[in-house]
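These are the residues of each chain, in order.
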Amino acid sequence: MFACLRAGMRAVCVAEDGMQARIVQDGDVFIVYLVGQLDIETAEPFREACLKHFSARKVVFSFHDLSFVGSSGILPFLDTMCEFAQKNRDGFKFCSVGSEFRKILSTTSLAAIEIHDDTTQAVHAFRASLASSVSASTVTTTSLPSSSSPSVVEEFVPPLRPV
């Protein structure tokens, strides 16, 4: 089970063992820093959290501090990302993906997901795609959800539970 702690615009979701996720909001983009090892025990709580809290959000998943040992955690993780790709209407990007993960991702339907060197580039890519779609559009008004307020983090973060 993931426990989440909130501090202003940041949240830390901590699994008892295995993978952890640190979430930072940058404007309307949520950056999920994945930390630790992929394992079978954290796969389902991670899936549930992604689908519940990020399906209608722009998300960057940072793989910088994520590793895997064996294959027990990688398949459920890939299944989660594929399901998330189908349900996320605002899009998501990967960054800081190591060579092992790149090889694995390239063999799945996730190969089409943009991979950036770091979070700054990934967030910028969201903003650049928004700017180009607005300038190329013939629609004169664009309605975008505002998610730059701290209340979005409060909606996203489930109640604390003792760890």
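So, here is what we can say about the structure in this document. Computed from a predicted structure; not experimentally measured.

Conventions adopted
Residue numbering note: each chain is counted from 1, following its sequence as written. Local features are withheld for residues below a pLDDT of 70 in this predicted model, meaning they are given only at 70 or higher, and side-chain atom pairs are given and counted only at 80 or more; totals for whole chains, interfaces and linings count all residues. As a convention, hydrogens and water are excluded, and side-chain values are obtained from all of the structure's heavy atoms. We call two strands paired when DSSP finds no fewer than two bridges between them. Segments assigned H or I by DSSP are reported as helices when at least four residues long, segments assigned E as strands when at least two residues long, and all are numbered from the N terminus. With its strands directed away from the observer, a crossover is right-handed exactly when the path from the first strand over the helix to the second travels clockwise. By this rule the span expected of a helix is its residue count minus one, scaled by 1.5 Å. Three exposure classes are used, based on accessible area relative to the maximum for each residue type with a 1.4 Å probe and protein chains only: buried under 20%, partly exposed in between, and exposed over 50%. In what follows, a contact means two residues having at least one pair of non-hydrogen atoms within 4.5 Å. Whenever a carboxyl oxygen of Asp or Glu lies within 4 Å of a side-chain nitrogen of Lys or Arg, that contact is scored as a salt bridge.

Description of the pairing of strand S4 (residues 29-38)
Line of reasoning, step 1. Summarising the sheet, strand S3 (residues 20-26) and S4 pair through 7 bridges and their orientation is antiparallel. Considered in S4, the bridge of Ile-23 is made with Val-32.
Line of reasoning, step 2. Joining the antiparallel neighbours S3 and S4 is a turn of 2 residues, in which Gly-27 adopts a positive phi near 65°.
Line of reasoning, step 3. Each parallel crossover has a hand, and for S4 linked through helix H1 (residues 40-53) to strand S5 (residues 58-68) it is right-handed.

Comments concerning helix H2 (residues 74-87)
Line of reasoning, step 1. For H2, which comprises 14 residues, the first-to-last C-alpha distance of 20 Å matches the rise-based estimate of 20 Å (1.5 Å per residue) to within 8%.
Line of reasoning, step 2. Along H2, the positions that sit buried rather than exposed are Ile-74, Phe-77, Leu-78, Thr-80, Met-81, Glu-83 and Phe-84.
Line of reasoning, step 3. The secondary structure elements touched by the buried residues of H2 are S4, H1, S5, strand S6 (92-95) and helix H3 (99-106).

Some words on the pattern of salt bridges
Line of reasoning, step 1. Per the stated rule, a full pass over the model turns up 6 salt bridges.
Line of reasoning, step 2. For Arg-127, the salt bridge is made with Asp-26, and the minimal N-O distance between the two is 3.1 Å. Of this pair, Arg-127 sits in helix H4 (residues 119-136) while Asp-26 sits in strand S3; the two residues are 101 residues apart in sequence, bridging distant segments of the chain.
Line of reasoning, step 3. With a closest N to O distance of 3.2 Å, Glu-114 and Lys-93 form a salt bridge. Within this pair, whereas Glu-114 is found in the loop between H3 and strand S7 (115-116), its partner Lys-93 is found in strand S6, the two being separated by 21 residues in sequence.
Line of reasoning, step 4. For Glu-114, a relative accessible area of 38% translates into the label partly exposed.
Line of reasoning, step 5. Looking at Lys-93, the relative accessible area reads 7%, which means it is buried.
Line of reasoning, step 6. Each of Glu-44, Arg-47, Glu-83 and Lys-87 takes part in a single network of salt bridges with overlapping partners.

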